[in-house]
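Listed below are the residues making up each chain.
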Amino acid sequence: MRGNGWRQKPYRQMMRKVFGRVLGIALLAVVTVVVLRSAGRGKIGNWIAGLISTYLGVSWETAARLYFNHVRQYLDIFLGVAIVAFFLLFFWALLSWFTGYFDEIIAGVDWLAGGKGENLVLPPELDFMAEKLGAVKDELERSAAAEREAERRKNDLVLYLAHDIKTPLTSVIGYLSLLDEAPDMPPQQREKYIRIALEKAGRLEGLVGEFFEITRDLLQQEALSRQPVDLCCMLVQVADEAYPQLAAGGRQARLHLPPSLCAWVDPDKMARVFQNLLKNAVAYGAPGSDIHIFGNRTGERVSVCFENAGDIPQEKLEAIFEKFYRLDASRQTATGGAGLGLAIARDIVQRHGGDIRAESGGGRIAFTVDLPVGTGGGPSGPAR
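Residues numbered from 1 in each chain as written. Predicted model: local features only at pLDDT ≥ 70, side-chain atom pairs only at ≥ 80, totals over all residues. Heavy atoms only, no water.

The name an unreviewed UniProt entry gives the chain is histidine kinase, with Bittarella massiliensis as the organism. For the record of the chain, the UniProt heading Subcellular location (unreviewed entry) holds the text "Membrane". Entered under Catalytic activity (unreviewed entry) in the UniProt record, the comment concerning the chain runs "ATP + protein L-histidine = ADP + protein N-phospho-L-histidine." (UniProt positions renumbered as here; feature names shortened; annotations may be inferred.)

Pasting the structure below:
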């Protein structure tokens, strides 16, 4: 904390100006006291006696006696009252001038809240405040733009899903109606219709799942329930559960893990992170390519990396973690999910005090999750 005091303060110019004003008022006060102190003697005293003689029409001797009896003897009282009066007057002037800065700052806050387009202009000594308010305004505008973009993506996706749900639902109803109306349908044709209805029902289930994903993300976040978890065992289970999706695309999940990789995490939420990353690798990886999962521990951090064949443009590596962002910008929802998987994964990892990043190059895509070991961390060795 002491080191910060030696830095160049951004409000040093304002300090100099305030100090100059205070010094000027102090000097004025000293001069006033000196003048009042000298009022009882010398030329000033004679001048006051002359005023009394002129206005009362008495002789100078009488005026001098009146001055001595009614003014000179009580000079200390008059001087004290005058000093207090002048002090209050000067202090009020200084306070009024200084509070003008607050008026300027309030005007800047109003400018910030009003979202006015013109540049904020403050006195030169408040340039640091204008810069801070300008930076806050820029950040608010970026956040608002990001929220609007996320809302637009969400609305578009909901619209597309609602439209696409109707197609498989109509097909399911149509084929089931044909089966119901023709009980004597040839077995081959019946089998074909049943297979198509089942495929359409599966597609419908997937679309409903997308709606569920959106709704769950928009609900309030649940608190983390941490416990010591062996991430290796979790990753093996996640890969086993994804076997049908992997096999359908001719893929395999190849695990390169140490004997143990422990961390203090919420098991349900961290499993969701790994499921989303694996699902993303299946959806956007090169067809027929394997997905490699690496695990490692360095000091008090553990890392898990999902790597697969494919390519993501460099300019999209950061955007893919935004809500409702999909690499496949087309409206065909079969090519991807709601654009929430990676955003949810990043949110969960960050709430654990970790970090998630994406890298792409040389025909490979890698998503790395970096987590603190935490209270429940156990020994583990490197795997890569």
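Still more to cover.
Regarding the overall build of the chain
Secondary structure assignment for the chain yields 11 helices and 7 strands. Within the chain, the fraction of its 384 residues that count as buried is 35%. Residue pairs at least 24 apart in sequence account for 70% of intrachain contacts in the chain once pairs closer than 6 positions are excluded. Accessible surface for the chain amounts to roughly 23200 Å². Of this, 60% is attributable to carbon and sulfur atoms. (Helix = DSSP H or I, 4+ residues; strand = E, 2+ residues; numbered from the N terminus. Buried < 20%, exposed > 50% of the residue type's maximum accessible area, 1.4 Å probe, protein only. Contact = heavy atoms within 4.5 Å. Areas by Shrake-Rupley, 256 points an atom, 1.4 Å probe, with all protein chains shown as cover.)

Some remarks on the nonpolar core
Within the largest apolar cluster, 40 residues are counted, with the highest numbers of intra-cluster contacts made by Leu231, Met270, Val273, Phe274 and Phe367. For this core, the secondary structure elements donating two or more residues are α8 (231-241), β3 (262-265), α10 (267-284), β4 (291-298), β5 (301-309), α11 (341-351), β6 (355-361) and β7 (364-372). In terms of residue count, the dominant contributor to this core is α10 (8 residues). In this view, Phe274 contacts Leu231, Met234, Leu235, Val238, Val304 and Phe306; residues no more than four positions away in its chain are not counted. Counting residues in each nonpolar core, the second largest holds 12 residues, with Tyr101, Trp111, Leu120 and Phe128 among its members. (Core = buried A, V, L, I, M, F, W, Y, C linked by side-chain atoms within 4.5 Å.)

Digging into the packing of α10 against α11
Running from N to C, α10 and α11 cross one another at 145 degrees; their axes reach a closest spacing of 9 Å. Two packed elements cross with a definite hand, and for α10 against α11 that hand is left-handed. Residues Lys269, Met270, Arg272, Val273, Asn276, Leu277 and Asn280 of α10 form the contact with α11, whose participating residues are Gly341, Leu342, Ile344, Ala345, Ile348, Val349 and Arg351. Tallied by class, residues from the contact of α10 with α11 come to 8 nonpolar, 3 polar and 3 charged. (Axes fitted to C-alpha atoms, helices over the stretch in contact; angles between N-to-C directions. Left-handed = near helix turned anticlockwise from the far one by under 90°. Nonpolar A, V, L, I, M, F, W, Y, C, P; charged D, E, K, R; others polar.)

Here's the deal with the packing of aromatic side chains
Under the defined criterion, the tally for this structure stands at 2 aromatic pairs. An angle of 55 degrees between the planes, with centres 5.2 Å apart, marks the rings of Tyr175 and Tyr193 as tilted. Taken together, the positions of Tyr175 in helix α6 (residues 127-181) and Tyr193 in helix α7 (residues 187-218) put the pair 18 residues apart, joining distant regions of the chain. Owing to a relative accessible area of 23%, Tyr175 belongs among the partly exposed residues under this scheme. (Phe/Tyr/Trp six-rings, centres within 6.5 Å; stacked < 30°, edge-to-face > 60°.)

A closer look at the confidence of the model for the chain
Per-residue pLDDT for the chain has a mean of 75; in total, 75% of the residues score no lower than 70. Counted against residues more than four places away or in other chains, residues 1-7, with its pLDDT under 50, gives 1 contact. Throughout residues 376-384 the model reports pLDDT below 50, and contacts reaching past four residues in sequence, or to other chains, amount to 26 contacts. (pLDDT = per-residue confidence, 0-100.)

A look at the UniProt feature "transmembrane region" (unreviewed entry) in the chain
Residues given the UniProt feature "transmembrane region" (unreviewed entry) here are residues 47-68 and 75-98. Secondary structure across residues 47-68 divides into 86% helix and 0% strand, with the first and last C-alpha atoms of the span separated by 13 Å.

Looking at the pairing of β6
Only one face of β6 is covered, namely the one carrying Ile356, Ala358 and Ser360; the face carrying Asp355, Arg357, Glu359 and Gly361 has none of its residues buried. Relative to β7, β6 runs antiparallel, the two being bridged by 7 bridges. Looking at the pairing, Arg357 lines up with Thr368 of β7. Counted along the chain from β6 to the antiparallel partner β7, the turn is 2 residues long, and its residue Gly362 has a positive phi close to 65 degrees. (Pairing = 2+ DSSP bridges.)

Here's the deal with α10
Between its first and last C-alpha atoms α10 spans 26 Å; for 18 residues at 1.5 Å apiece the expected length is 26 Å, and the two agree. One side-chain oxygen of the residue at the start of α10 lies 3.2 Å from the amide nitrogen of Asp268, identifying that residue as Asp266. (Expected span 1.5 Å × (residues − 1). Polar contact = N/O pair within 3.5 Å; in protein donor to acceptor, adjacent residues only side chain to side chain.)

Things to note about the pairing of β4
For β4, the tally of buried residues reaches 7 of 8 residues, placing the bulk of the element in the interior. Bridging between strand β2 (residues 253-256) and β4 involves 4 bridges; their strand directions are parallel. Each bridged residue has a counterpart across the sheet, and for Arg254 the counterpart in β4 is His292. Both β4 and β5 contribute to a ladder of 8 bridges, which runs antiparallel. The partner of Phe294 across the bridge, within β5, is Cys305. Taking the residues that link successive antiparallel strands as the turn, the β4-β5 hairpin has 2 residues, and the phi of Gly299 there is positive, at about 65 degrees.

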